[in-house]
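As a plain string of letters, each chain reads:
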Amino acid sequence: MTDDAAAPDLRASDADRERVAEILRDALAEGRLDMEEFEERLDATYRARTYGDLTPITRDLPDQGASAPAVSLTKQPERDGAWGDRIVGGDDAGTSSWAVAVMSGFQRKGRWTAPRRFNCFAFWGGGEIDLREAYFADREIVINAVAIMGGVEVVVPPGVEVVVRGIGVMGGFDHREEGVPGEPGAPRVIVTGFAFWGGVGVDRKLPRAEKQRLREERRREKLERKEERRRELETSLQDHLNPHPRTRQERHEPRGRDDH
């Protein structure tokens, strides 16, 4: 949007609006915008008709030519299925290798590195291990969860293979996501451990960026349908107010003798 200020009255194209939407998505991922600000600006983007309408939306944000933080690079592998950048390998032991919740809770989520083996314990409490935006220390990681009158939830993104090997006594392990084939190069997550009067759940969810992209697509389609209905209504109204000249002429012709 570098030349927009020189011609603010020119009509913006769909590609122009998409470039602004991409800047907003990057700003959300980088923490420059909160969700409320992001949604307000995104709505304004898809309603914009001219360059002058688009320019203020990103005036206080870096443009696409600015150096982007590494945080924005995590979205692409999730969409394209290229897992190589997210499996760090080597001697990386992970951001965190254990967690405990006793009458409380714990979370491991966001951009963290899951170790080769993660041990967690929940007693009268709960824990969440979210791998949707995580990096992986190896192509196969083990999550060893012990839940005593508590619960642990493991969240994986699409494409990851899940194997469940835990044992439950008056409790259980969730096997619903087991057996789903993984994408080529994707990591394998093994969930094991013990549950007594508790449970270890496994859920498969879309990453936040992908959910937001789908939400934007639905919003854009809704706006396009609304705009199409508006154009159809305007066309119908014009046809009603300005009938065809021939019809108007025929309406004012005098009737012949045969009509009497």
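These numbers come from a predicted model, not from an experiment. (Residues numbered from 1 in each chain as written. Predicted model: local features only at pLDDT ≥ 70, side-chain atom pairs only at ≥ 80, totals over all residues. Heavy atoms only, no water.)

**Some words on the overall build of the protein chain**
Within the protein chain, the secondary structure is distributed over 6 helices and 13 strands. Restricting the contact set of the protein chain to residue pairs at least 6 apart, pairs at least 24 apart contribute 69%. Carbon and sulfur atoms make up 50% of the accessible area of the protein chain, which amounts to about 15,500 Å² in all. (Helix = DSSP H or I, 4+ residues; strand = E, 2+ residues; numbered from the N terminus. Contact = heavy atoms within 4.5 Å. Areas by Shrake-Rupley, 256 points an atom, 1.4 Å probe, with all protein chains shown as cover.)

**Quick word on the packing of aromatic side chains**
Tallied over the entire structure, the rule returns 3 aromatic pairs. Between Trp112 and Phe118, the aromatic rings sit 5.8 Å apart at their centres with planes inclined by 70°, giving edge-to-face as the arrangement. An identical accessibility class is assigned to Trp112 and Phe118; each is buried. Where Phe196 meets Trp197, the ring centres are 5.7 Å apart and the plane angle is 0°; that geometry is what we call stacked. (Phe/Tyr/Trp six-rings, centres within 6.5 Å; stacked < 30°, edge-to-face > 60°. Buried < 20%, exposed > 50% of the residue type's maximum accessible area, 1.4 Å probe, protein only.)

**Let's talk about unusual backbone geometry**
A positive phi angle is found at Met170, which is not glycine, with a value near 50°. Within the fold, Met170 resides in the loop between strand S10 (167–169) and strand S11 (172–173). Positive phi outside glycine occurs at Trp197, with the angle close to 55°. Looking at the secondary structure, you find Trp197 in the loop between strand S12 (188–196) and strand S13 (199–204).

**Concerning the confidence of the model for the protein chain**
Atomic detail in the predicted coordinates should be set aside for any region of low pLDDT. Model confidence for the protein chain is summarised by a mean pLDDT of 80, while 81% of its residues fall at 70 or above. Taken as a whole, residues 1–6 scores under 50 in pLDDT and shows 7 contacts with residues more than four places along the chain or in a different chain. In this model, residues 64–81 is a region of pLDDT below 50 whose contacts with residues beyond four sequence positions or in other chains number 26 contacts. (pLDDT = per-residue confidence, 0-100.)

**Considerations on the side chain of Arg219**
Assignment of secondary structure puts Arg219 in helix H5 (residues 208–241). The class for Arg219 is buried, based on a relative accessible area of 18%. Here Arg219 is in contact with Leu42 and Asp43, once residues within four sequence places are set aside.

**Observations concerning the packing of helix H1 (residues 14–30) against helix H2 (residues 35–47)**
Two numbers describe how H1 lies on H2: the axes approach to 10 Å, and their chain directions differ by 175°. One way to sum up the angle between H1 and H2 is to call them roughly antiparallel. Residues Arg17, Glu18, Val20, Ala21, Leu24, Arg25 and Leu28 of H1 form the contact with H2, whose participating residues are Met35, Phe38, Arg41, Leu42, Thr45 and Tyr46. A breakdown of the residues in the contact of H1 with H2 according to their chemical character gives 8 nonpolar, 1 polar and 4 charged. (Axes fitted to C-alpha atoms, helices over the stretch in contact; angles between N-to-C directions. Parallel < 35°, antiparallel > 145°, perpendicular 65-115°, else oblique. Nonpolar A, V, L, I, M, F, W, Y, C, P; charged D, E, K, R; others polar.)

**Considering the sheet that holds S13**
Reading across the sheet, the 5 strands line up as S2-S5-S8-S13-S11 and stay open at both edges, with parallel pairing between neighbours. The sheet is open, and its two edges are formed by strand S2 (105–108) and S11, each paired on a single side. (Pairing = 2+ DSSP bridges.)

**Some details on the packing of H2 against H5**
It is the contact of H2 with H5, at a shortest axis distance of 11 Å, that shows an interaxial angle of 35°. Seen along the crossing, H2 lies across H5 with a hand that is right-handed. Taken together, the residues of H5 that come into contact with H2 (itself represented by Met35, Phe38, Leu42, Asp43 and Tyr46) are Arg208, Gln212, Glu216, Arg219, Arg220 and Leu223. Of the residues assigned to the contact of H2 with H5, the class counts are 5 nonpolar, 1 polar and 5 charged. (Left-handed = near helix turned anticlockwise from the far one by under 90°.)

**Considering a negative patch on the surface**
On the surface, a cluster of negative charge is made up of Asp34, Glu36, Glu37 and Glu40. Position of Glu40 among the secondary structure elements: in helix H2. (Patch = residues over 30% accessible without salt bridge, like charges linked within 9 Å, V, L, I, M, F, W, Y side chains within 5 Å. Salt bridge = Lys/Arg side-chain N within 4 Å of Asp/Glu carboxyl O. Lys, Arg positive; Asp, Glu negative; His and termini not counted. Charge placed at Lys NZ, Arg CZ, Asp CG, Glu CD.)

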